[in-house]
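Chain and residue survey
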Amino acid sequence: MQAGNVNYRRQTDLPETLSVFPLSGALLLPGGRLPLNIFEPRYLQMIDEAMSGARLLGMIQPGFDGATRQDGEPEIVNVGCLGRITSLTETGDGRYMIALQGVCRFRVVEELAVKTPYRQCRIAPFLADLDEDPSGAQVNRAALLRTFRSYLEANDLDADWQSVSRADNGVLVNALSMMAPYGPAEKQALLEAPDLKTRAETLIALTEMALARDEDFGSSLQ
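Residues numbered from 1 in each chain as written. Predicted model: local features only at pLDDT ≥ 70, side-chain atom pairs only at ≥ 80, totals over all residues. Heavy atoms only, no water.

**Some words on the overall build of the protein**
Within the protein, the regular secondary structure consists of 6 helices and 8 strands. In terms of C-alpha radius of gyration, the protein reaches 18 Å, essentially the compact-globule figure of 17 Å for 222 residues. Structurally, the protein occupies a C-alpha span of about 50 × 35 × 35 Å along its principal axes. Relative to its full complement of 222 residues, the protein shows a buried share of 42%. Intrachain contacts of the protein at a sequence separation of at least 6 include 70% that bridge at least 24 residues. About 11,600 Å² of surface is accessible on the protein, with carbon and sulfur atoms providing 48% of the total. Computed over 21 positive and 30 negative side-chain charges, the separation of the two mean positions in the protein equals 5 Å. (Helix = DSSP H or I, 4+ residues; strand = E, 2+ residues; numbered from the N terminus. Rg over C-alpha atoms; globule rule 2.2 N^0.38 Å. Buried < 20%, exposed > 50% of the residue type's maximum accessible area, 1.4 Å probe, protein only. Contact = heavy atoms within 4.5 Å. Areas by Shrake-Rupley, 256 points an atom, 1.4 Å probe, with all protein chains shown as cover. Lys, Arg positive; Asp, Glu negative; His and termini not counted. Charge placed at Lys NZ, Arg CZ, Asp CG, Glu CD.)

**Digging into the environment of L100**
Mapped onto the elements, L100 comes out in strand β7 (residues 96–111). Assessed through its relative accessible area of 0%, L100 is described here as buried. Considering only alpha carbons, one finds L100 and A193, 93 residues apart in sequence, at a separation of 21 Å.

**Structural notes on helix α4 (residues 169–179)**
Every α-helix carries 3.6 residues per turn, so stepping three or four residues along brings you back to the same face. When you tally the buried positions in α4, you get 8 out of 11 residues, the bulk of the element. Taken residue by residue, α4 has N169, G170, L172, V173, N174, L176, S177 and M178 as its buried positions. For α4, the elements touching its buried residues are β4 (33–38), α2 (141–154), α3 (161–166), α5 (184–192) and α6 (196–213). At the N-terminal boundary of α4, the capping side chain belongs to D168, with an oxygen 3.1 Å from the backbone nitrogen of G170. (Polar contact = N/O pair within 3.5 Å; in protein donor to acceptor, adjacent residues only side chain to side chain.)

Here it is in structure tokens:
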């Protein structure tokens, strides 16, 4: 897996501990690109620390049951995605605009007791994410595109179909999953899908259910 200028090929290329950014509804997938607006002081400090080192941090969602730790911070789910900061812009008003490129998913082994204002975890990376997913060849691309087109038509949207047609199955599935305007639990299901084929099937099922309910999922892909 290449992210920015760095290739990640084996476990030794990855950290054992990782600063994490809990953000509900945010989905980063291996190879995907997630833009973020950073403004909280603790996360500005986290970005500064990451940029002075390996430029890696973990995106993860708060738990879905509302449970909190003793300090009032939300508990987090067990699986997130490690990303590399591939671009950073200072806004002039104290914020950072960054882009994260997904490297691999990880499982939280334990959350660490740290003095930093941001949270850190010991992680177990999903090493299979560093290699090309062979199930990409089994993705039902026609069904995926048909469902995507139905979603766009239902919401009076358009797409760059030339770019879509050029994208390989892996890029297409992960990009559509990240753009899909679903809730935190659905985003987590897409993240934890064991392979591209299953992720595509999950995305198709979620979209078909949404279309069947005739719900308004917003005027644009998030």
